[in-house]
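# Inside the fold
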Amino acid sequence: MERLVRRLGVADAVVIGLGAMLGAGVFVVFAPAAAAAGGTGVLLALTLAGFVALCNATSSARLAARYPESGGTYVYGRERLGPFAGFLAGWGFVVGKTASCAAMALTVGAYLWPGRARLVAVVAIAAVTAVNLRGVGKTALATKVLVGVVLGVLSLVAVVGLTGFAAERIGDVGSVGGGVFSDAGGAGVLTAAGLLFFAFAGYARIATLGEEVRDPGRTIPRSVPLALGVVLAIYLALAVITLGVLGPDRLAASAAPLADVVTSVGLPGLAWVVRVGAAVAVIGVLLSLLAGVGRTLLAMGRRRDLPGGLAAVHRVHHVPYRAELAVAVVVAAVVLVGDVRGAIGFSSFTVLVYYAITNAAALTLGRDPGRRLPVRLLAVLGLVGCVTLAVSLPPASVGAGLGVLAVGAAWYALRRRYLDRAGGR
């Protein structure tokens, strides 16, 4: 088996996690979450989604330290629960995240050149793939630059939102949102939490790249919760500011909430800065997503759950170049034939199933000597949380996600039958 090279330290892994999460959350899912749960309901949903993500992060870190190779839960499921569980996790991740890649690419196009969104999306895919093909070190370096720009833009929005609006209006967030929250009820909060979970899923990129992390037993358990904690703090701060400035109704109807914040406080000239920042953030997500899907295809190719040619590793740059190129071609094709920016709910469902399998696999590890965290309890809560949030998503998202998993299960059964008849290897 051709192996990848361990080049990523704690700082690199944290930055990759940040790059995978920031663009997806702040610029994409706040509006549909507000529509589902309303004012303070968004804050409660965000906290709930963050807690479920923390449970999943703990389980992912434990498993990644035990199995430090590419593939993430595809590998953990196979090793701890059996080949079919691993395949289902890998299949759901690849299909769901491929749709997410296309959605992110189209979002870049919509921000930078709305009239030529598809063309810009394809160019963005080609540019990101070119960076990833140069090696994981180049991916980490590019992500650091992108994350730096995004944090600068988000800081600008926070400062403008806080200073441009009266303090008493910010203080009214709870009262403004309370009525909407009470109308939405628990189901609305759960739906919003399921959508917002999409914004946290990027921390798993650290585990997916486990074969390229130095000292994985130390690096992964440190970097995963650190990246998640930083992002949760940023999300909560911006959610409070955005709700305070726009209110729940305007937020729910907004196509670009952070740009609307700077416009609402009388600084419309800064809206273009926010839009460029959003495009940069989404490019960071795309960079990380394509790398993560490529590593999962590598792992599935190694075990012949997908064509073995996808397992090839470049001799110079030490990347799964065939898998990376295959993902890029498929994503570009999807971008050219359809608009999948509405795939957030569908992607959330498949990712929640992915993490349900992660927590189930972590439960088989037993106790960790010397750990103060109740890791088994967190795994149970993570499993229950994932299933609850998955079934609370909009019916269309649940139906599409179940359909994808059913197609994967049928492919697995047909392939096993073929291999059994052929005396499979």
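I will try to describe carefully the structure that is included in this document. Just so it is clear, the structure is predicted and the values come from calculations on it, not from any experiment. (Residues numbered from 1 in each chain as written. Predicted model: local features only at pLDDT ≥ 70, side-chain atom pairs only at ≥ 80, totals over all residues. Heavy atoms only, no water.)

### Some details on the overall build of the protein chain
- On a plain count of helices and strands, the protein chain comes out with 16 helices and 0 strands.
- Buried residues in the protein chain amount to 58% of all 425 residues.
- Contacts in the protein chain between residues at least 24 apart in sequence constitute 83% of all its contacts with a sequence separation of at least 6.
- If you sum the accessible surface of the protein chain, you get close to 15,900 Å²; carbon and sulfur atoms cover 66% of it. (Helix = DSSP H or I, 4+ residues; strand = E, 2+ residues; numbered from the N terminus. Buried < 20%, exposed > 50% of the residue type's maximum accessible area, 1.4 Å probe, protein only. Contact = heavy atoms within 4.5 Å. Areas by Shrake-Rupley, 256 points an atom, 1.4 Å probe, with all protein chains shown as cover.)

### Re the environment of C101
- Locating C101 in the fold gives a position in helix α4 (residues 83–112).
- For the pair C101 and S288, spaced 187 residues apart in the sequence, the C-alpha separation amounts to 9.6 Å.
- Not counting residues up to four positions away in its chain, the partners in contact with C101 are L286, L289, L290 and V331.

### Topic: the side chain of T58
- Tracing the backbone shows T58 in helix α2 (residues 39–66).
- Leaving out residues up to four positions away in the same chain, T58 has contacts with V375 and L378.

### Looking at the packing of aromatic side chains
- Using the criterion set out here, one finds 9 aromatic pairs in the structure.
- For the ring pair Y67 and Y76, a centre distance of 6.5 Å and an interplane angle of 35° mean the geometry is tilted.
- On the basis of relative accessible area, Y76 is assigned to the buried category, the value being 1%.
- The interplanar angle of 80° and the centroid separation of 5.7 Å between the aromatic rings of F197 and Y355 together place this pair among those described as edge-to-face. Here the residue F197 occupies a position in helix α8 (residues 173–197), and Y355 occupies one in helix α14 (residues 344–363), the gap between them amounting to 158 residues. Residue F197 shares its accessibility class with Y355, and that shared class is buried.
- In textbook terms, an aromatic cluster arises when at least three aromatic residues are bridged by ring pairs, as seen for F84, F87, W91 and Y412. (Phe/Tyr/Trp six-rings, centres within 6.5 Å; stacked < 30°, edge-to-face > 60°.)

### Observations concerning the packing of helix α3 (residues 73–80) against α4
- At a minimum axis separation of 6 Å, α3 and α4 run at an interaxial angle of 165°. The angle between α3 and α4 places the two elements in the roughly antiparallel class. With respect to the hand of their crossing, α3 and α4 are arranged in right-handed fashion. Two secondary-structure elements touch here, α3 through T73, Y74, G77 and R78 and α4 through P83, A85, G86, F87, A89 and G90. (Axes fitted to C-alpha atoms, helices over the stretch in contact; angles between N-to-C directions. Parallel < 35°, antiparallel > 145°, perpendicular 65-115°, else oblique. Left-handed = near helix turned anticlockwise from the far one by under 90°.)

### Some words on α3
- Burial in α3 covers these residues: T73, Y74, V75, Y76 and G77.
- Of the residues one or two after α3, G82 is the one with positive phi, at around 120°.

### Overview of the pattern of salt bridges
- Applying the stated criterion across every chain, the model contains 5 salt bridges.
- Between R303 and E69 there is a salt bridge, with its nearest N and O atoms 2.8 Å apart. A residue pair is termed long-range when its members are at least 10 positions apart, and R303 in the loop between α12 (271–302) and α13 (321–337) and E69 in the loop between α2 and α3 qualify at 234 residues.
- The exposure class assigned to E69 is buried, which follows from its relative accessible area of 14%.
- Several salt bridges share partner residues, and in doing so they unite E212, R295 and E324 into one network. (Salt bridge = Lys/Arg side-chain N within 4 Å of Asp/Glu carboxyl O.)

### Describing the packing of helix α11 (residues 257–264) against α12
- Closest axis-to-axis distance for the α11/α12 pair is 8 Å, and the angle between their directions is 165°. The angle between α11 and α12 places the two elements in the roughly antiparallel class. α12 is crossed by α11, and the crossing has right-handed handedness. On α12, the residues touching L258, A259, V262 and T263 of α11 are A271, V274 and R275.
- Looking at the contact of α11 with α12 residue by residue, the classes come out as 5 nonpolar, 1 polar and 1 charged. (Nonpolar A, V, L, I, M, F, W, Y, C, P; charged D, E, K, R; others polar.)

### Section: the nonpolar core
- Ranked by size, the top nonpolar core spans 138 residues in total, and within it F27, L154, F200, Y203, Y235 and L286 carry the most contacts.
- Apart from the residues within four sequence positions on either side, F27 is in contact with L22, Y111, L154, L258, V274, G277, A278 and A281. (Core = buried A, V, L, I, M, F, W, Y, C linked by side-chain atoms within 4.5 Å.)

### A short note on a nonpolar patch on the surface
- On the surface, a cluster of nonpolar side chains totalling about 330 Å² of accessible area is made up of F51, L54, L377 and L381.
- Secondary structure elements with two or more residues in the nonpolar patch: α2 and α15 (375–391).
- Positionally, F51 belongs in helix α2.
- Taking the relative accessible area as the measure of exposure, F51 reaches 38% and is therefore partly exposed. (Patch = residues over 30% accessible without salt bridge, like charges linked within 9 Å, V, L, I, M, F, W, Y side chains within 5 Å.)

### As for the side chain of T358
- Relative to the assigned elements, T358 resides in helix α14.
- Residues contacting T358, with those up to four places away along its chain left out, are N56, S59, S60, L63 and T73.

### Considerations on unusual backbone geometry
- Its identity is not glycine, yet D215 carries a phi of approximately 45°, on the positive side.
- Judged by relative accessible area, which is 46%, D215 ranks as partly exposed.
- Phi is positive for H318, which is not a glycine, with a value near 55°.
- One can find H318 in the loop between α12 and α13.

### Looking at the environment of S288
- Secondary-structure assignment places S288 in helix α12.
- Judged by relative accessible area, which is 3%, S288 ranks as buried.
- With 268 residues separating them in the primary sequence, S288 and A20 have C-alpha atoms 5.5 Å apart.
- Discounting chain neighbours no more than four positions away, the residues touching S288 are I16, A20 and R205.

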